[in-house]
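Coordinate inspection notes
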Amino acid sequence: MKEELIVLCGPTASGKSAVALALCELLGAELVSCDSMQLYRGMDIGTAKPTADERSRVPHHLIDALQPDENCSAARYRELALPIIRSLFEVGKQPVLCGGTGLYIDALTKPLGFSVEGDPAIRASFEREAERPEGKQRLHARLREIDPDSAERLHENDVRRVIRALEVHALTGVTLTEQMARDAVRVGDYPAWLYALDWPRDVLYARIDARVDAMIEQGLIGEVENLLQTGLSRDGTAMQAIGYKEIAAALSGEISMKHAVDQIKQATRNYAKRQLTWFRRDKRVTWIPAEGCSADEIARTIFEEVTR
RNA sequence: GCCUCGGUAGCUCAGUUGGUAGAGCAGUAGACUGAAAAUCUACGUGUCGGUGGUUCAAGUCCGCCCCGAGGCA
């Protein structure tokens, strides 16, 4: 078989999972999640994880792969996913990727170098500097000296990326710009078909609001309580997930539960909009109108295109 | 019925001694190369509740009316 990836991407609450599931059944394929939060065990309701029943219909990979106190990254995700994809191709199974974490999808489908692991000590030292008066401006000025192109590209307030660019240079002696130039002449691991579901904006937002209400009914509050009882820090990657940080704030009395639920809806809508910006920029993506269509119908459409 | 305080952008509110209004949030668009459900950028005209008046000039001062909250009878 041709070693090509099929990817269902797009904003949260657009119905990716149901379509991916149906598509996997049509193709006899297995599903590989590209979701930065479904990776974590114990975070089920708030990440809209596929149910046990759905997972019994089609094998799902990279769900529940990490403990909630572990940190992930695009490159770590790539290291987890590549062996799975390789072994699926080896036995003639088509991998279908499904998820909304755009950077993780790029880490698999684009030739990203990702060659330098972050160094917490260097990072912390830059972060301390950024806190000082005029610190952000000084970091940006330093970047301008060593990598003017990156400095031009990055706003001085985008401290995370400025620090990352400085860090890459500090650790390797190669600028981020140089690394990106090297990537640009390489080829990604696998070619990919990317599909996303297109909804009228107001319909998508209404779906998000309804899904958040459903999560509360399904017991999201109890799920967050359980995680916190294990001693999970509210500062880690897992607890920065939408739905979890807000419920945690309400449980500690910082805000009312009603307010927390409203904030979850708001944050999810904002997140969906950022995902739209990300995936719209990616010219590989085919947008499929979703309103009025069942998951099976959409899966059939994709099936016919990829098996043609 | 009387008194007080409110009525300004979709929402919450600023608005100095009168010079035709601006923040946050929302919304829209964008960025994104080992933190990405994260992080960051750009975009602000609305019968200033209505109406009459004073004034060269009224969101701002005065009268009346409408709506809301509270207080006194």
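Above this text you will find the structure in question.
Below or above, wherever it landed, is the structure these notes cover. The structure displayed is predicted, hence computed values, not measured ones.

**Re the environment of Pro 50**
Tracing the backbone shows Pro 50 in the loop between strand S2 (30–33) and helix H2 (52–57). On the basis of relative accessibility, which here comes to 11%, the residue Pro 50 falls in the buried class. Counting along the chain gives 78 residues from Pro 50 to Arg 128, while the straight-line C-alpha distance between them is 41 Å. Among residues more than four places away in sequence, those in contact with Pro 50 are Gln 38, Arg 55, His 60 and Ile 63.

**Describing the packing of aromatic side chains**
Under the criterion given, the structure shown has 2 aromatic pairs. Ring geometry for Tyr 77 and Tyr 104: centres 4.7 Å apart, planes at 15°, overall stacked. You can see Tyr 77 sitting in helix H3 (residues 74–90) and its partner Tyr 104 sitting in helix H4 (residues 102–109), a full 27 residues away along the chain. A single burial state applies to Tyr 77 and to Tyr 104, both of which are buried. Note on Phe 89 and Tyr 190: the rings are 5.3 Å apart at their centroids and 40° apart in plane angle, and the pair reads as tilted.

**Some words on the environment of Leu 103**
For Leu 103, the position within the fold is in helix H4. Measuring from C-alpha to C-alpha, the distance between Leu 103 and Val 19 comes to 21 Å, with 84 residues separating the pair along the chain.

**So, the packing of helix H6 (residues 135–146) against helix H8 (residues 159–172)**
Running from amino to carboxyl end, H6 crosses H8 at an angle of 40°, the nearest separation of the two axes being 10 Å. Between H6 and H8, the interaxial angle falls into the category oblique. Crossing geometry of H6 relative to H8 is assigned as left-handed. Where H6 approaches H8, its residues Lys 136, Leu 139, His 140, Arg 142, Leu 143 and Ile 146 are matched on the opposing element by Val 159, Val 162, Ile 163, Ala 165, Leu 166 and His 169.

Reading guide: rules and limits
Residues numbered from 1 in each chain as written. Chains lettered and ligands numbered in written order. Predicted model: local features only at pLDDT ≥ 70, side-chain atom pairs only at ≥ 80, totals over all residues. Heavy atoms only, no water. Helix = DSSP H or I, 4+ residues; strand = E, 2+ residues; numbered from the N terminus. Buried < 20%, exposed > 50% of the residue type's maximum accessible area, 1.4 Å probe, protein only. Contact = heavy atoms within 4.5 Å. Phe/Tyr/Trp six-rings, centres within 6.5 Å; stacked < 30°, edge-to-face > 60°. Axes fitted to C-alpha atoms, helices over the stretch in contact; angles between N-to-C directions. Parallel < 35°, antiparallel > 145°, perpendicular 65-115°, else oblique. Left-handed = near helix turned anticlockwise from the far one by under 90°.

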